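Here is how the chains run, residue by residue.
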Amino acid sequence: TTEQLTDTSYWGQQLRHTVQFSKGIENVFQTIENPIFLECGPGNFLSNLVKSHENEKIEYQTVFSMLSAKKFQELANDDQTIYNSITKLWLYGVN
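What comes next concerns the included structure. All of these numbers come straight from a predicted model, not from anything done at the bench. (Residues numbered from 1 in each chain as written. Predicted model: local features only at pLDDT ≥ 70, side-chain atom pairs only at ≥ 80, totals over all residues. Heavy atoms only, no water.)

## Section: the overall build of the protein chain
- Within the protein chain, the regular secondary structure consists of six helices and two strands.
- The helix and strand sequence of the protein chain, counted from the amino end, reads α-α-α-β-α-β-α-α.
- Across the 95 residues of the protein chain, 17% fall into the buried class.
- The contacts of the protein chain with a sequence gap of at least 6 include a subset with a gap of at least 24, amounting to 54%.
- With the model as given, the accessible surface of the protein chain reaches about 7,800 Å², and the carbon-plus-sulfur share is 54%. (Helix = DSSP H or I, 4+ residues; strand = E, 2+ residues; numbered from the N terminus. Buried < 20%, exposed > 50% of the residue type's maximum accessible area, 1.4 Å probe, protein only. Contact = heavy atoms within 4.5 Å. Areas by Shrake-Rupley, 256 points an atom, 1.4 Å probe, with all protein chains shown as cover.)

Below, the structure is given as structure tokens:
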């Protein structure tokens, strides 16, 4: 909410309390048809967490916005990686 955005105690709680990532992923799968997950960091941390909740009946996509650490060392072309991610998002129907 707007109030939470400027509330220092809210942000303090966010830093001190356990992240409910598992519940969040389950909620996404229950409420969003064909979700798309955007991996925003190097590697595949998010996609591995999502795979641990995989349900064979639910289709989802993962789009990587950065190269993996190994690929990054080989091909450090950030612009092309971002363009590829935007293209994939568009192909999946994101406006």
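## Some points on the nonpolar core
- In this structure, Ile25, Phe29, Phe37, Leu46, Val50 and Tyr60 together form the largest nonpolar core, which totals six residues.
- Among the secondary structure elements, those contributing two or more residues to this core are α3 (21-31) and α4 (45-51). (Core = buried A, V, L, I, M, F, W, Y, C linked by side-chain atoms within 4.5 Å.)

## What to know about the packing of aromatic side chains
- All told, the structure shown has two aromatic pairs when counted by the stated rule.
- Their ring planes at 80° and their centres at 5.0 Å tell us that tyrosine 10 and tryptophan 11 sit as a pair that is edge-to-face.
- Consider the rings of phenylalanine 29 and phenylalanine 37, whose centres lie 6.0 Å apart with planes at 75°: the pair is edge-to-face.
- Exposure remark for phenylalanine 37: the relative accessible area of 8% places this residue in the buried category. (Phe/Tyr/Trp six-rings, centres within 6.5 Å; stacked < 30°, edge-to-face > 60°.)

## Focus on unusual backbone geometry
- At asparagine 34, a residue that is not glycine, the phi angle is positive and equals roughly 50°.
- As for its position among the elements, asparagine 34 is in the loop between α3 and β1 (36-39).

## Considering the environment of glutamate 59
- Relative to the elements of secondary structure, glutamate 59 occurs in the loop between α4 and β2 (61-64).
- Filtering out sequence-adjacent residues up to four positions away, glutamate 59 remains in contact with Asn34 and Pro35.

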